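Spelled out, the chains give:
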Amino acid sequence: MAELERYERERPAPVPRGGRNVLLVGSDTRAGENAEYGRDRGTQRSDTTILLHLSARGHGVTAVSIPRDLMVGVPGCRTRAGGRSAPRFAQFNLAFQVGGTACTVRTVERLTGIRVDHHMVVDFRGFKDMVDAVGGVRVCVREPIDDPDARLELPAGPRTLDGEQALGYVRARKSLGGGSDTERMNRQQEFLGALVTKVQSNGVLLNPARLYPVLDAATRSVTTDPGLGSLRGLYDLARRLRDVPTEKVRFLTVPRRPHHADPNRDELVQPDAGRLFRRLRADAPVAVAPAAGRDGGGAVPTAPSTGGTAGTSTPPKAPPGGSRTPAPVPTFTGTDAAANACP
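What comes next concerns the included structure.

Rules used throughout
- For every chain, the first residue of its written sequence is number 1, and the numbers climb from 1 along that sequence.
- Predicted model: local features are reported for residues with pLDDT of at least 70 only, side-chain atom pairs are reported and counted for 80 or more only, and whole-chain, interface and lining totals are derived from all residues.
- Side-chain measures here rest on the full set of heavy atoms in the structure, leaving out hydrogens and waters.
- The angle between two axes is taken between their N-to-C directions and runs from 0 to 180 degrees, where each axis is a line fitted to C-alpha atoms and a helix contributes only its stretch in contact.
- Only DSSP runs of H or I reaching four residues or more are called helices, and only runs of E reaching two or more are called strands; each is numbered from the N terminus.
- Our angle categories are set so that under 35 degrees counts as roughly parallel, over 145 as roughly antiparallel, 65 to 115 as roughly perpendicular, and the remainder as oblique.
- Here a crossing is taken to be left-handed if its near helix is turned anticlockwise relative to the far helix by less than a right angle, and right-handed if that turn runs clockwise.
- Contacts are assigned to residue pairs that have any heavy atoms within 4.5 Å of one another.
- In this classification, Asp, Glu, Lys and Arg are treated as charged, Ala, Val, Leu, Ile, Met, Phe, Trp, Tyr, Cys and Pro as nonpolar, and every other residue, Gly included, as polar.
- Buried residues of nine kinds, namely Ala, Val, Leu, Ile, Met, Phe, Trp, Tyr and Cys, make up a nonpolar core once their side-chain atoms join them within 4.5 Å.
- Note on exposure labels: buried denotes an accessible area under 20% of the residue type's maximum, exposed denotes more than 50%, and partly exposed covers the range between, all computed with a 1.4 Å probe on protein chains only.
- For two strands to pair, DSSP has to find at least two bridges joining them.
- Ring pairs are drawn from Phe, Tyr and Trp, using the six-membered ring of Trp, whenever the two centres fall within 6.5 Å, and their geometry is named by plane angle: stacked under 30 degrees, edge-to-face over 60, tilted for the rest.
- In this scheme, Lys NZ or Arg CZ marks a charge over a ring once it lies within 6 Å of the ring centre and within 35 degrees of the ring normal.
- Multiplying 1.5 Å by the residue count of a helix minus one yields the expected span of that helix.
- Here the bend at a residue is taken as the angle between two axes, fitted respectively to the seven residues that end there and the seven that start there.
- What qualifies as a polar contact is a pair of N or O atoms within 3.5 Å, subject to a donor-acceptor requirement within protein and to the restriction that residues adjacent in sequence count only when both atoms come from side chains.
- The term disulfide is used for any two cysteine sulfur atoms that are within 2.5 Å.

### So, the packing of helix α6 (residues 208-221) against helix α7 (residues 231-242)
Here comes step 1: The contact between α6 and α7 brings their axes to 10 Å, and the two run at 120 degrees. Viewed along their axes, α6 and α7 adopt a mutual orientation that is oblique. For the pair α6 and α7, the sense of crossing is right-handed. Of α7, the residues touching α6 (which contributes L211, Y212, L215, D216, A218 and T219) are L231, L234, Y235 and A238.
Here comes step 2: Counted by class, the contact of α6 with α7 contains eight nonpolar, one polar and one charged residues.

Below, the structure written as structure tokens:
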């Protein structure tokens, strides 16, 4: 898009060896068919943002959630009204509200140093259409849900959700987890893991006759860059996902903690966040593991470390004539699609 072309010189270099980074943005717009979910306040915000890294070296897929309340530097952007905004330090989701997808991409690239190759923007209707196109998604509901705001009422246990139910499930906030955005992001990640399991287990990705109706729903329901704006572009992306084992589809949230000046906002945890971004820029492997009792994210120590970052111990020196022991793969708080499978 023109706004990104204008700032091409400041954008990061592409991932080496053909890796790809796709930015998934969930919009809370109430325009058009989405008006049934509330009044349109004249703005659109990024309700959910996930940076999806597809490795070209066999390391699988890493999906990193970016909290909407993370305080970041938002660059000056072309606004929806055609003017230009001033750079500011603000909540992450302001970028989409002010300057749409291009401003969000530039904000993510400045935050992470990772080049965004493609983007997909999904609104409420688009999300429902995609879930219905795959025949619903099975999730494990840990406790009964009765959330009028999310239009969702579910008993506990395994449940196959249709599009409308799935939308309520990933949006529910007030009735689950004490209103925590962390709980909501975890639930979104679990749902995406269940979606991956569904499309891999029922042959959707392997059968063009079943895959193309899903991709057709996507082209009609999802806003993308030109590279993904056709059946062919989406098919090429789906083909890359086809052979990735579910245990190599990882989900985590960018390492963050309550902001030092405002506990209702977030800030990055360093050096954890920087290390995660460096690994993804280099298309290097990362690992994930659950960490009970942590609200937020960070690295899970898997070796002697300093500053909370995993795997910072110095590898032993190689013996004469031998090879050096590989450095440990850093492990971050998160989960994978296989761990989220619901019986």
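### As for the nonpolar core
Here comes step 1: Among the nonpolar cores identified, the biggest contains 43 residues, and V139, Y169 and F191 are the most heavily contacted of them.
Here comes step 2: The residues contacting F191, other than those within four sequence positions of it, are F127, V131, V137, V139, A166, Y169 and V170.
Here comes step 3: With 31 residues, the next largest nonpolar core counts L4, V25, F92 and F96 among its residues.

### Overview of the pairing of strand β3 (residues 61-65)
Here comes step 1: Most of β3 is tucked away: five of the five residues are buried.
Here comes step 2: For β3 and strand β12 (residues 249-253), the ladder comprises five bridges, and the chain directions are parallel. Following the sheet pairing, V61 is matched in β12 by V249.

### A word on the pairing of strand β1 (residues 20-27)
Here comes step 1: For β1, the buried fraction is high: six of the eight residues fall into the buried class.
Here comes step 2: Where β1 lies against strand β6 (residues 118-122), five bridges are found, and the strand directions are parallel. Looking across to β6, one finds that V25 is bridged to V121.

### Considerations on the packing of aromatic side chains
Here comes step 1: Tallied over the full model, the rule gives two aromatic pairs.
Here comes step 2: With a centroid separation of 5.6 Å and an interplanar angle of 45 degrees, the aromatic rings of F127 and F191 are classed as tilted. In this pair, F127 is assigned in helix α3 (residues 124-133) and F191 in helix α5 (residues 181-201), connecting sequence segments 64 residues apart. Taken as a pair, F127 and F191 share a single burial class, namely buried.
Here comes step 3: For the ring pair Y212 and Y235, a centre distance of 5.6 Å and an interplane angle of 10 degrees mean the geometry is stacked. Taken as a pair, Y212 in helix α6 and Y235 in helix α7 lie far apart in primary sequence, 23 residues in all.
Here comes step 4: The residue whose ring lies beneath R80 is F96, and the NZ or CZ to ring-centre distance is 5.0 Å.
Here comes step 5: If you follow R106 out to its NZ or CZ, it ends over the ring of Y7, 3.6 Å from the centre.

### Examining the environment of T246
Here comes step 1: On the secondary structure map, T246 appears in the loop between α7 and β12.
Here comes step 2: Judged by relative accessible area, T246 falls into the buried class, the value being 18%.
Here comes step 3: For the pair T246 and G60, spaced 186 residues apart in sequence, the C-alpha separation works out to 8.8 Å.
Here comes step 4: Contacts of T246, omitting those with residues within four sequence positions, involve V196, T197, Q200, D336, A337 and A338.

### Re helix α2 (residues 94-112)
Here comes step 1: Between its terminal C-alpha atoms α2 stretches only 17 Å, short of the 27 Å expected from 19 residues at 1.5 Å a residue.
Here comes step 2: Along α2, the sharpest change in direction is near 135 degrees and occurs at G100.
Here comes step 3: Across the 19 residues that make up α2, a large majority, 17, are buried.
Here comes step 4: Among the residues trailing α2, G113 stands out with phi positive, at a value near 75 degrees.

### Brief notes about helix α8 (residues 272-281)
Here comes step 1: Taken across its 10 residues, α8 has eight buried, putting it largely inside the fold.
Here comes step 2: Buried within α8 are the following residues: D272, A273, G274, R275, L276, F277, R279 and L280.

### A look at the side chain of S55
Here comes step 1: The topology assignment puts S55 in the loop between β2 (46-54) and β3.
Here comes step 2: For S55, a relative accessible area of 13% gives the class buried.
Here comes step 3: A polar side-chain atom of S55 sits 2.9 Å from a polar atom in the side chain of D283.
Here comes step 4: Discounting residues that sit within four places of it in the chain, S55 has contacts with G60, R240 and D283.

### A few points about the state of the cysteines
Here comes step 1: A full pass over the atoms with the stated rule returns one disulfide.
Here comes step 2: There is a disulfide in this structure between C77 and C103, and the S-S distance comes to 2.2 Å. Every disulfide takes its handedness from the sign of the S-S torsion; for C77 and C103 that torsion is 75 degrees, giving right-handed. Of this pair, C77 sits in the loop between β4 (71-74) and β5 (88-91) while C103 sits in helix α2, and the two are 26 residues apart along the sequence. An identical accessibility class is assigned to C77 and C103; each is buried.

### Structural notes on unusual backbone geometry
Here comes step 1: In the segment running from Q270 into P271, the intervening peptide bond is cis, with an omega of 10 degrees.
Here comes step 2: Locating P271 in the fold gives a position in the loop between β14 (266-268) and α8.
Here comes step 3: Positive phi is not limited to glycine here, since R151 has a value of about 55 degrees.
Here comes step 4: As for its placement among the helices and strands, R151 is situated in the loop between β8 (145-147) and β9 (152-154).
Here comes step 5: When its relative accessible area of 45% is taken as the criterion, R151 is described as partly exposed.

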